Amino acid sequence: MADKLTPEQISDLQAKARVIRRNIIAMVSEAKSGHPGGSLSATDILATLYFAEMKVDAKNPQDPLRDRFVLSKGHAAPVLYATLAAKGFFPEEELLTLRKINSRMQGHPSIKDLPGIDMSTGSLGQGLSAASGMALAARMDGRSSRVYAVLGDGELQEGMVWEAAMFAAHYKLDNLTAFVDFNGLQIDGPIEQVMSPLPIPEKWQAFGWNVLQIDGHDHQAIYAALQEAKAHKGRPTVIVAKTVKGKGVCKMENAVDWHGKAPSQQECELFIQELEDLDD
Amino acid sequence: MGKLATREAYGDSLKELGDKNQAVVVLDADLSKSTKTVVFAKAHPDRFINVGIAEQNMMGIAAGLAASGKIPFVSTFAMFATGRAFEQVRNSICYPKLNVKVAATHAGLTVGEDGASHQSIEDISLMRSLPNMTVIVPADAEETRQAVEFAAKHNGPVYLRLGRMAVPDVVGEGYQFAHGKALQLADGKDVTLAATGIMVSAALEAAKTLAEEGISARVLNIHTIKPIDRDAIAKAAKETGALVSCEEHSVIGGLGSAVAEVLAETTPAPMERVGVKDTFGESGTPGDLLVKYGLTANDIVAAAKKAISRKA
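Predicted model, so just to flag it, every value in this text is computed and none were measured. (Residues numbered from 1 in each chain as written. Chains lettered and ligands numbered in written order. Predicted model: local features only at pLDDT ≥ 70, side-chain atom pairs only at ≥ 80, totals over all residues. Heavy atoms only, no water.)

## Some details on the overall build of chain B
No. 1: Helices and strands together make up the secondary structure of chain B, namely 13 helices and 14 strands.
No. 2: For chain B, the C-alpha radius of gyration of 19 Å lies close to 20 Å, the compact-globule estimate for 312 residues.
No. 3: Judged by the C-alpha coordinates and their principal axes, chain B covers about 60 × 40 × 35 Å.
No. 4: Looking at the 312 residues of chain B, the share that counts as buried comes to 63%.
No. 5: Summarising the internal contacts of chain B: among those between residues at least 6 apart in sequence, 79% fall at separations of at least 24.
No. 6: Here chain B displays about 11400 Å² of accessible surface, and carbon together with sulfur accounts for 51% of that area.
No. 7: Of the charged side chains in chain B, 33 are positive and 36 negative; the average position of the first set lies 4 Å away from that of the second. (Helix = DSSP H or I, 4+ residues; strand = E, 2+ residues; numbered from the N terminus. Rg over C-alpha atoms; globule rule 2.2 N^0.38 Å. Buried < 20%, exposed > 50% of the residue type's maximum accessible area, 1.4 Å probe, protein only. Contact = heavy atoms within 4.5 Å. Areas by Shrake-Rupley, 256 points an atom, 1.4 Å probe, with all protein chains shown as cover. Lys, Arg positive; Asp, Glu negative; His and termini not counted. Charge placed at Lys NZ, Arg CZ, Asp CG, Glu CD.)

See below:
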């Protein structure tokens, strides 16, 4: 594949991202709980991964040769579910069962419930370790599978993240690429005020990672970083992606309150209208 | 009469298992000389992963390996495997039901001189409360060897509790490990001594002492704490009318609790619990600690008499 996306590919990714965003709003609103802000901030990253980069097949979700994805910030489950639905892993209508009894759409991702989920997550800080284990297994087996993980910036406050960062660099896991969804906000406020994980790139650098910094809403930039990560040998790559929490919905953008709040039905209609207007 | 520590048997068995099964990988957190995974590491360096002093990460790495078809055996001291990394074992291993084997050495009081900070007397309780987790406490070297083989074949998380000290052989020749089935080592009609791990040999010794006083004791080796052998316990309650649980663990939440639950739900009978009485341990030789905290054959004898005296 070329190092650059064509204008057609970009407009296709933008369309996919809009569908995913609309579904995030709809499903969280219907569930009356969930995490819209951090789902919307990671949408362009997941859209680019699943529709331009990763080798996954909705018809064969357990293919041992597939690429793997770990959503370490598991509370952003809506973006993962909406992306997998768009990719054809299960019907889109099912998204509206999020967080309801007997649903496969658990509040946080669960391997045993849903095809396409490679790791159960939800408790922060644990995903990068599992992703590292997967990357190590691929190397042991001589598979070309790549492993992707998305971490939150607030999540970097968990010590276990740095145990995993140390491990992946020590074992030279160059088939592992982590994203930091750097939206700057956590439940109790801006990350610098709650417990600063800054400076983020320098920390990963010090732990021995190849560090790239991009605009996390620019599909071309996300794609280019993924190609650079793939070409970089001997070290894992972290892509620090500057994002906007609540991206795509004016009222939600950069608003701490929308970390874990569901839109009312009226708000839902307004927000979806706003996203649909982008289609014009 | 000491033969071999279960951790020694673990290291040897692991190496043999690795010879036969290419999917087996072993992880350790900078304790490979103590947990004896060094034996595996020497034989299969490409399948041995030292994660450094980072037990939480080790559980997550193992989960990722298992999700990719490997059979990881993670090893560290019981305190760190179950206490420090509890949530990782719960959320990254048991919840997704991944095929990870947690082999925890230096369990119980008999880690000895290191004292309370290293004496894991809550691990059975923690591990048996986790859905999908199988909990096995081998009593001797042979049982450990067979438990390791079983763990590799069993699809799902397994907790293997191992000790630091050499223990006498108890299961005997021709032994066949049966998952979830208690092993009757002696029959008796007056009381049942239900023991696990290093306390099995103490229970056998207690049964001998009781026999000298005309009391006939059945001895059960409860090597699988979860799933527990409900039938054997209910049968023992019915046929002997009194029980004593014997474990090198807190009396709260471990074997004693598991046995009491079965009795309450099936065949109520007087029961006494020999174990650590809701207290932290201290530094000392293993032998001195077992005496001070009431975990000797004599303590079992006294508990048996008390249980019998409570029969209706």
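## Side note on the interface of chain A and chain B
Reports often express the size of an interface as the amount of accessible area lost when the parts come together.
No. 1: Between chain A and chain B, the residue contacts involve 27 residues of the former and 25 residues of the latter.
No. 2: Looking at the side of chain A facing chain B, the largest losses of area belong to Gln126(A), Met140(A) and Glu163(A), adding up to 25% of the total buried there.
No. 3: Here chain A and chain B share one salt bridge between them.
No. 4: Note that Lys70(B) and Asp141(A) form a salt bridge whose closest N and O atoms lie 2.4 Å from each other.
No. 5: Looking at the side of chain A that touches chain B, the elements that each hand over two or more residues are α5 (127-140) and α6 (159-170) of chain A.
No. 6: Ranked by residues supplied to the side of chain A that touches chain B, first place goes to α5(A) with eight residues.
No. 7: Looking at side-chain class alone, the side of chain A that touches chain B contains twelve nonpolar, eight polar and seven charged residues. (Buried area = accessible area lost by both parts, 1.4 Å probe. Salt bridge = Lys/Arg side-chain N within 4 Å of Asp/Glu carboxyl O. Nonpolar A, V, L, I, M, F, W, Y, C, P; charged D, E, K, R; others polar.)

## What to know about helix α8 (residues 141-153) of chain B
No. 1: An ideal rise of 1.5 Å per residue puts 18 Å on 13 residues; α8(B) measures up with 19 Å between its terminal C-alpha atoms.
No. 2: Listing the buried residues of α8(B) in full gives Ala141(B), Glu143(B), Thr144(B), Gln146(B), Ala147(B), Val148(B), Phe150(B), Ala151(B) and Ala152(B). (Expected span 1.5 Å × (residues − 1).)

## Re the packing of aromatic side chains
All names here are of chain A.
No. 1: For the structure on display, the rule yields eight aromatic pairs over all chains.
No. 2: Centre to centre, the rings of Tyr-50 and Phe-69 are 5.6 Å apart; their planes meet at 65°, and the pair counts as edge-to-face. Here Tyr-50 is found in helix α3 (residues 43-53), whereas its partner Phe-69 is found in strand β1 (residues 68-71), with 19 residues between them in sequence.
No. 3: The class of Tyr-50 is buried, set by a relative accessible area of 1%.
No. 4: Taken together, a centroid distance of 4.9 Å and an interplanar angle of 50° make the contact between Trp-162 and Trp-204 tilted. With Trp-162 in helix α6 and Trp-204 in helix α8 (residues 200-206), this pair connects stretches of sequence that are 42 residues apart. There is no split in this pair, since Trp-162 and Trp-204 are both buried.
No. 5: One aromatic cluster is present, formed by Trp-162, Trp-204, Phe-207 and Trp-209 through successive ring pairs.
No. 6: Here the guanidinium or amino end of Lys-242 rests over the ring plane of Phe-182, the centre of that ring lying 4.9 Å away. (Phe/Tyr/Trp six-rings, centres within 6.5 Å; stacked < 30°, edge-to-face > 60°. Lys NZ or Arg CZ within 6 Å of the ring centre and 35° of its normal.)

## Side note on the packing of helix α10 (residues 230-240) of chain B against helix α11 (residues 255-265) of chain B
Residue and element names in this part refer to chain B.
No. 1: Between α10 and α11, whose axes approach to 9 Å, the crossing angle comes to 65°. For the element pair α10 / α11, the angle class is roughly perpendicular. The handedness of the crossing between α10 and α11 is right-handed. Counting all contacts with α10, which are made through Arg-230, Ile-233 and Ala-237, the residues of α11 involved are Val-259, Val-262, Leu-263 and Glu-265.
No. 2: For the contact of α10 with α11, the per-class residue count stands at five nonpolar, no polar and two charged. (Axes fitted to C-alpha atoms, helices over the stretch in contact; angles between N-to-C directions. Parallel < 35°, antiparallel > 145°, perpendicular 65-115°, else oblique. Left-handed = near helix turned anticlockwise from the far one by under 90°.)

## Some points on the sheet that holds strand β13 (residues 243-250) of chain B
All names here are of chain B.
No. 1: Pairing within the open sheet is mixed, and its five strands lie in the order β9-β11-β10-β13-β14. Edge positions in the sheet fall to β9 (183-186) and β14 (271-276), since each has one partner strand and no second. Here the average twist between neighbouring strands, direction ignored, is 25°.
No. 2: Pairing of β9 with strand β11 (residues 217-221) involves three bridges; the strand directions are antiparallel. Along β11, the bridge assignment pairs Gln-184 with Leu-220.
No. 3: Along the sheet face, α11 touches β10 (191-195), β13 and β14 and points at about 145° away from the line of β13. (Pairing = 2+ DSSP bridges.)

## Some thoughts on the pairing of β13(B)
Residues and elements named next belong to chain B.
No. 1: Among the eight residues that make up β13, eight are buried, leaving the element largely enclosed by the rest of the structure.
No. 2: By the bridge criterion, four bridges tie β10 to β13 in an arrangement that is parallel. Bridging across to β13, Thr-192 finds its partner in Leu-243.
No. 3: Crossover connection from β13 via α11 to parallel β14: handedness right-handed. (Right-handed = clockwise from strand over helix to strand, strands pointing away.)

## Brief notes about the sheet that holds strand β7 (residues 237-242) of chain A
Residue and element names in this part refer to chain A.
No. 1: If you walk across this open sheet you meet the five strands as β1-β2-β3-β7-β6, and the pairing is parallel. The open sheet has two edge strands with one neighbour each: β1 and β6 (210-215). Mean inter-strand twist for the sheet, computed between neighbouring axes without regard to direction, equals 20°.
No. 2: The pairing of β1 with strand β2 (residues 147-152) spans four bridges and is parallel. Within the sheet, the bridge partner assigned to Phe-69 lies in β2 and is Tyr-148.
No. 3: Against the sheet, helix α9 (residues 219-231) contacts β2, β3 (176-182), β6 and β7, and its axis sits at roughly 170° relative to β6.

## Looking at the packing of helix α1 (residues 7-31) of chain A against helix α4 (residues 77-87) of chain A
All names here are of chain A.
No. 1: Axis separation between α1 and α4 bottoms out at 9 Å; the angle between their running directions is 125°. Judged by the angle between their axes, α1 and α4 are oblique. In terms of crossing hand, the pair formed by α1 and α4 is right-handed. Where α1 abuts α4, its residues Ile-20, Asn-23, Ile-24, Met-27 and Val-28 lie against Pro-78, Val-79, Tyr-81, Ala-82 and Thr-83.
No. 2: In terms of residue class, the contact of α1 with α4 is built from eight nonpolar, two polar and no charged.

## Topic: the side chain of Asp181(A)
Residues and elements named next belong to chain A.
No. 1: As for its position among the elements, Asp-181 is in strand β3.
No. 2: Its relative accessible area of 0% is what places Asp-181 among the buried residues.
No. 3: In terms of polar contacts, Asp-181 uses its side chain to reach the side chain of Thr-243, at 2.6 Å. (Polar contact = N/O pair within 3.5 Å; in protein donor to acceptor, adjacent residues only side chain to side chain.)

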